[in-house]
Every structure is written in C-alpha cells, then in structure tokens.
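Read off the chains here:
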Amino acid sequence: YIFGGLILGRASRIRRRGPLFYGTLTVAGLGMFALGLPIGVAGLLFAALLNGAALEIGSQVWTNTLQELVPNELLGRVSSVDVLGSTALMPVGFALTGWSTAAWGGATVCILGGALTMVVGLLGFLHPAVRGLN
C-alpha cells in the first residue's frame, strides 16, 4: 500500500481516472491470481506488492473522484453510503472466503478470485463513461 501511495502521490493531477481505476482493479486481480500459483517466495512477494500497490492507487483515485465530482453539501452522505456498503459486505466476503478456502484450498481461491477481479476490471473498459472519465 505504501508503494502505491508513493507512486500516485507524485502526480500533481490524476488523469484518465476511469481507465486508471479499472486498470488498477485489473492489476490487483492479476496480483491475486499470481498468489495462487507456485511461484516461490520472491514471486509471492512481488505479487503481493503488485496487488497492494494497485489497490492503494485505485482507492486514492476513487476518493479523489468522489471529492471532485460530488457536490460539497452531499459529500458526507455519499461517502457514508460508500463506506457503509463496503463495510457491510466485508463479513460476507470473509465468510465466503473462509468457506471456499476450506472447500477448495487457498491457491484455488486466489486464482478464481483474481480471475474474477480481472474480468470485472476489464469489463469496466467497455463503458464509454469509464473510458471518458478524466
């Protein structure tokens, strides 16, 4: 996460936020996918770094987009709904991850989860509003 923050923190302005956000989602999925492969300790460290950096950059892009596009008088409400949705779904994700890891194994869950995340990230590029968000 620190690495991603340092990368994006150097930018004076975030450009092409739509493609950047969905690109980081795709890269984070790639990192998760790689965590399920037999790639050795150095490969696992790199995959974890890739995943964490991509997630942090995506998080910063999302926060920046909310702050810039949502009117100030609505920002608190929109942010609270955003955080509530994310926080409310965390226990569901933890439960599904635990169950699926017990059923299929950690490597399979990382591969499937990473692949699904990459597909969702790539699907975002199909929408013109995402490609045009600057």
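For the structure itself, look to the data block above.
Below is a short write-up of the structure.

Cut-offs and rules
- Residues numbered from 1 in each chain as written.
- Predicted model: local features only at pLDDT ≥ 70, side-chain atom pairs only at ≥ 80, totals over all residues.
- Heavy atoms only, no water.
- Axes fitted to C-alpha atoms, helices over the stretch in contact; angles between N-to-C directions.
- Helix = DSSP H or I, 4+ residues; strand = E, 2+ residues; numbered from the N terminus.
- Parallel < 35°, antiparallel > 145°, perpendicular 65-115°, else oblique.
- Left-handed = near helix turned anticlockwise from the far one by under 90°.
- Salt bridge = Lys/Arg side-chain N within 4 Å of Asp/Glu carboxyl O.
- Buried < 20%, exposed > 50% of the residue type's maximum accessible area, 1.4 Å probe, protein only.

Moving on, we get to the packing of helix α2 (residues 17-35) against helix α3 (residues 40-69). With their axes 8 Å apart at the nearest point, α2 and α3 run at an angle of 155° to one another. Taken together, the axes of α2 and α3 lie roughly antiparallel to each other. Read as a crossing pair, α2 and α3 show a hand that is left-handed.

This brings us to the pattern of salt bridges. Scanning the model with the defined rule gives 2 salt bridges in all. Notably, a salt bridge pairs Arg17 with Glu68, separated by 3.3 Å at the nearest N-O pair. Note that Arg17 is positioned in helix α2 and Glu68 in helix α3, a separation of 51 residues in sequence. By relative accessible area, which is 40% here, Glu68 ends up partly exposed. The structure contains a network of salt bridges with shared partners spanning Arg13, Arg17 and Glu68.

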